[in-house]
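Single-letter residue listing:
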Amino acid sequence: MAKDKILVIGACGQIGVELTLALREAFGKNNVIASDLREESILLKGTGPYIQMSVMDKEKLQDIIKKQKITQVYLLAAVLSATGEKKPMIAWDLNMKGLLNILEIAREEKLQKVYWPSSIAVFGPSSPKKNCPQQTIIEPTTVYGISKLAGENWCNYYFQKYGVDVRSLRYPGLISYKSEPGGGTTDYAVEIFYEALRKQQYTCFLSANTYLPMMYMPDAIRATIELMEAPAKKIKIHNSYNLSGISFSPKDIAKEIKKHIPSFKINYAPDYRQKIAESWPQSIDDLKTKKDWGWKHQYDLGKMTSDMIQHLSLNFK
Ligand code: AKB
């Protein structure tokens, strides 16, 4: 691992912060450069090098990659589903141009590996709702989903045509206590913890029985690094792997939180995000992922809820 030099783009976001910290732990702090359009997250300060830049600026990006002798890039900068519906052109521009800039640089500079996240948002209303398989009807109805599906095909194209080793996971909704999400439909499953601890009450923007595929962040980080560290011959899918953790509804998670905070109450006021959620599968089948490189999730709803409450309680003391 010592010879790898990694660039994380979008390092101040929900996944970026935790992934950067985990990569620094594994590869050494000076071998992992964090970058984002935003100012450095307080959680990253003092943990390793940081560069403020935009993934849209290909020239600057390429210059940094050359000067820093980067061998691997993790590209996490993206506009998510809910914001994407409000700003479709901005979402399309960032999600597509950011990826194409990196794929082109990877081809030109012969980067060793690239990581790019896809999402369960690639699936649409015509995909199976339960245990949605790796290969099925894929007709997304959100701009975010359309951009992820196009991105998956571009990743496969760069692998087939130029041999770029780009790897990808279709993340479910991610739940974390370190860095908050922004602009997603699954964000309620993080907000609910903050509001439960702050006010013992939460008004959910999805209806009570809206089941969605979800995952606790430690599982997602482990999956990402395991995929990237797997031998190339084990990677059989070059668009993006299904990734499954937990499936639950707002009603289920509220019940679980109540075990820790008995006075907690939930109300429901579904908004435009309900339609997005209803277009996605309720659960995912990741048999191929398990078979190809041995993935297995560790956190169920109960274990995740206890861990979230234990960590977040420290902020509310
Ligand atoms: C979102 O809700 O947009 C994301 C996702 C499922 O990719 N969390």
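See above for the structure.
An account of the accompanying structure is given in this report.

Here is what the cut-offs are and how they apply
- Residues numbered from 1 in each chain as written.
- Predicted model: local features only at pLDDT ≥ 70, side-chain atom pairs only at ≥ 80, totals over all residues.
- Heavy atoms only, no water.
- Helix = DSSP H or I, 4+ residues; strand = E, 2+ residues; numbered from the N terminus.
- Rg over C-alpha atoms; globule rule 2.2 N^0.38 Å.
- Buried < 20%, exposed > 50% of the residue type's maximum accessible area, 1.4 Å probe, protein only.
- Contact = heavy atoms within 4.5 Å.
- Areas by Shrake-Rupley, 256 points an atom, 1.4 Å probe, with all protein chains shown as cover.
- Near = heavy atom within 4 Å.
- Polar contact = N/O pair within 3.5 Å; in protein donor to acceptor, adjacent residues only side chain to side chain.
- Nonpolar A, V, L, I, M, F, W, Y, C, P; charged D, E, K, R; others polar.
- Domains from an automatic or database assignment.
- Patch = residues over 30% accessible without salt bridge, like charges linked within 9 Å, V, L, I, M, F, W, Y side chains within 5 Å.
- Salt bridge = Lys/Arg side-chain N within 4 Å of Asp/Glu carboxyl O.
- Pairing = 2+ DSSP bridges.
- Axes fitted to C-alpha atoms, helices over the stretch in contact; angles between N-to-C directions.

1. Here we look at the overall build of the chain
Step number 1: Assigned secondary structure in the chain consists of 11 helices and 14 strands.
Step number 2: Its C-alpha atoms give the chain a radius of gyration of 19 Å, near enough to 20 Å, the size a compact globule of 317 residues would have.
Step number 3: Looking at the chain as a whole, 56% of its 317 residues are labelled buried.
Step number 4: Once local pairs closer than 6 in sequence are excluded, the contacts in the chain between residues at least 24 apart make up 79%.
Step number 5: Of the roughly 13700 Å² of accessible surface on the chain, a fraction of 53% belongs to carbon and sulfur atoms.

2. Things to note about the site of the ligand
Step number 1: Around the ligand, the neighbouring residues are Leu 80, Ser 81, Ser 119, Ile 120, Tyr 144, Gly 184, Thr 185, Thr 186 and Trp 280.
Step number 2: The separation between an oxygen atom of the ligand and a polar main-chain atom of Thr 185 is 2.7 Å.
Step number 3: For the ligand, whose accessible area on its own is 260 Å², the fraction buried by protein is 93%.
Step number 4: Of the residues in the shell around the ligand, the class split is four nonpolar, five polar and no charged.
Step number 5: Here the shell around the ligand spans two domains, and each of domain 1 (6-173 + 216-242) and domain 2 (175-214 + 246-316) adds at least three residues to it.

3. Describing a nonpolar patch on the surface
Step number 1: A contiguous nonpolar patch, built from Trp 154, Tyr 157 and Tyr 162 and spanning about 280 Å² of accessible area, is present on the exposed surface.
Step number 2: Examined against the element boundaries, Tyr 162 turns out to sit in helix 5 (residues 143-162).
Step number 3: Look at Tyr 162 and you get partly exposed, because its relative accessible area is 37%.

4. Quick look at the sheet that holds strand 2 (residues 32-36)
Step number 1: Pairing is parallel in the open sheet, where six strands are placed in the order 3-2-1-4-5-7. Two strands bound the open sheet, and with one partner strand each, they are strand 3 (50-52) and strand 7 (166-167).
Step number 2: Two strands pair when backbone bridges link them, and strand 5 (residues 113-115) and strand 7 are joined in this way by two bridges, in the parallel orientation. Note that in strand 7 the partner of Val 114 across the bridge is Val 166.
Step number 3: With respect to the sheet, helix 2 (residues 58-67) is in contact with strand 1 (6-9), strand 3 and strand 4 (72-75), its orientation differing from that of strand 1 by roughly 155°.
Step number 4: Of the strands in this sheet, strand 1, strand 4, strand 5 and strand 7 touch helix 4 (residues 88-109), which is tilted by about 175° from strand 4.

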